[in-house]
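As a plain string of letters, each chain reads:
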Amino acid sequence: MSISPDQATWFSSTFDQLVANVGLAIRGKEKVIRLALTCMLSEGHLLLEDNPGTGKTVLAKALAATVQGTHHRIQFTPDLLPSDLIGVTVYDQHKQTFEFHKGPIFATVVLADEINRASPKTQSALLEVMEESRVTVDGEPHPVGRPFMVIATQNPIEQAGTYRLPEAQLDRFLMKTSVGYPDLAVAVELMAQAANRDRAADVRPVIAAQAVSQMASFANQVHVDEAVLQYVGTLAEESRRHTHVKLGLSMRGCLAFIRAAKTWALSQGREYVIPDDIKELAIPVMGHRLILNAEAQFSGVSVERVIDDLLASIAAPADRVR
């Protein structure tokens, strides 16, 4: 079953409304908002590597408010236990039964702040929730519900005492990007509104949380031509052969690429994916999945440069593939 032009138009219009609504809280960052919403509607998770004070918490809260969902922020620290994250079973003496008390992971949008500061054991507990959309306590599964999205953050300037995320866990994030500092005009505007300490609190819902699942279902129906599939597959193969790369794009990464490209195409009002969608998403989807070898890192080669080399060296199929 394929999506109709009318459904594509509705999706694109609604997507633009969501972007504009989140933009009321986080100004001048339309591209980042579009990537975050693409992540949510692709039922994926987002990794933000950014400096402190750039609006990561505001982004998460505004996303949750826009889809009439819930939001929890979890500060990851070395002493954070898995039970602090997912919850715990407690014995109720009055009822004489065990009851599960949910942890903060049960929310529509969960901000895992400075995820690399938690121990590997706690990181792995988060990994199960991201992959399975449920937690398991005392052998009992507890679904976290839909929609569900983890926005994890890493601070790039303070690495002392942190636990580096393993490649397998990085691969679970659909995209990686950064918010970055605002330009001068936006910075002046924000400073003029310094009395408003919580801009996300002013964000009102645009759609109900249940509509997110409907939009995700529409995105799944977007057509991807075999030529585009071959293009992504070739990018993956060449990334593994690249002279500067130790670990290339995995099969999970290829699947993530296609899921994200479907949503991105539909947000543009198209019911089919074109090669430009792949190029637009290449760095957010591939950037955290490619691991450079020691020689490349020592020489100052960046992952972005490697991705640009790959895109330049591999011929894209015809632009309009339907």
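Let us look at the structure shown here. Source: prediction; values computed, not measured.

Details of the pairing of strand β5 (residues 109-113)
Side chains on a regular strand alternate between the two faces of the sheet. For β5, the tally of buried residues reaches 5 of 5 residues, placing the bulk of the element in the interior. In this sheet, β5 lies alongside strand β2 (residues 71-75) in parallel orientation, the contact comprising 5 bridges. Across the sheet, the residue bridging to H72 is V110, located in β5. Strand direction decides the pairing type here: β5 and strand β8 (residues 149-154), joined by 4 bridges, are parallel. Each bridged residue has a counterpart across the sheet, and for L111 the counterpart in β8 is I151.

A short note on the packing of helix α1 (residues 5-22) against helix α8 (residues 209-220)
The interhelical angle for the contact between α1 and α8, taken along N-to-C directions, is 130°, at an axis separation of 11 Å. One way to sum up the angle between α1 and α8 is to call them oblique. For the element pair α1 and α8, the recorded crossing hand is left-handed. Residues Q7, W10, F11, T14, F15 and L18 of α1 form the contact with α8, whose own contacting residues are Q214, M215 and F218. A class-by-class count of the residues in the contact of α1 with α8 yields 6 nonpolar, 3 polar and no charged.

Thoughts on the pattern of salt bridges
Scanning the entire structure with this criterion turns up 14 salt bridges. A salt bridge links D16 to R34, with the shortest nitrogen-to-oxygen separation between them at 2.6 Å. You can see D16 sitting in helix α1 and its partner R34 sitting in helix α2 (residues 30-41), a full 18 residues away along the chain. Taking the relative accessible area as the measure of exposure, D16 reaches 34% and is therefore partly exposed. Measuring nitrogen to oxygen at the nearest pair gives 3.1 Å for the salt bridge that ties E114 to R117.

A few points about the packing of aromatic side chains
Scanning the entire structure with this criterion turns up 4 aromatic pairs. Ring centres of W10 and F218 lie 5.8 Å apart, and the angle between their planes is 90°; this geometry places the pair in the edge-to-face category. Here W10 is found in helix α1, whereas its partner F218 is found in helix α8, with 208 residues between them in sequence. Of the residues examined, W10 reaches a relative accessible area of 34% and is grouped as partly exposed. Residue class for F218 comes out buried when judged on its relative accessible area of 11%.

A short note on the nonpolar core
Residues L59, L63, I151, M175, F257, I278 and L281 are the most contacted members of the largest nonpolar core, which totals 76 residues. Among the elements that line this core, the one with the most residues is helix α10 (residues 251-267), at 9 residues. Leaving out residues up to four positions away in the same chain, L281 has contacts with L35, M175, F257, A260, A261, W264 and M286. With 27 residues, the next largest nonpolar core counts I105, A107, V135 and V144 among its residues.

As for unusual backbone geometry
Of note, the amide linkage connecting R146 to P147 takes the cis form, showing an omega dihedral of -5°. Relative to the assigned elements, P147 resides in the loop between β7 (140-143) and β8. Of note in the backbone geometry, E114 takes a positive phi value of approximately 55° without being a glycine. Summarising the element assignment, E114 is placed in the loop between β5 and α5 (120-132).

Topic: a nonpolar patch on the surface
Where nonpolar side chains cluster on the molecular surface, the patch consists of L184, V188 and M191 and spans about 350 Å² of accessible area. When you line up the elements, V188 lands in helix α7 (residues 184-192).

Rules used in this analysis
Residues numbered from 1 in each chain as written. Predicted model: local features only at pLDDT ≥ 70, side-chain atom pairs only at ≥ 80, totals over all residues. Heavy atoms only, no water. Buried < 20%, exposed > 50% of the residue type's maximum accessible area, 1.4 Å probe, protein only. Helix = DSSP H or I, 4+ residues; strand = E, 2+ residues; numbered from the N terminus. Pairing = 2+ DSSP bridges. Axes fitted to C-alpha atoms, helices over the stretch in contact; angles between N-to-C directions. Parallel < 35°, antiparallel > 145°, perpendicular 65-115°, else oblique. Left-handed = near helix turned anticlockwise from the far one by under 90°. Contact = heavy atoms within 4.5 Å. Nonpolar A, V, L, I, M, F, W, Y, C, P; charged D, E, K, R; others polar. Salt bridge = Lys/Arg side-chain N within 4 Å of Asp/Glu carboxyl O. Phe/Tyr/Trp six-rings, centres within 6.5 Å; stacked < 30°, edge-to-face > 60°. Core = buried A, V, L, I, M, F, W, Y, C linked by side-chain atoms within 4.5 Å. Patch = residues over 30% accessible without salt bridge, like charges linked within 9 Å, V, L, I, M, F, W, Y side chains within 5 Å. Areas by Shrake-Rupley, 256 points an atom, 1.4 Å probe, with all protein chains shown as cover.

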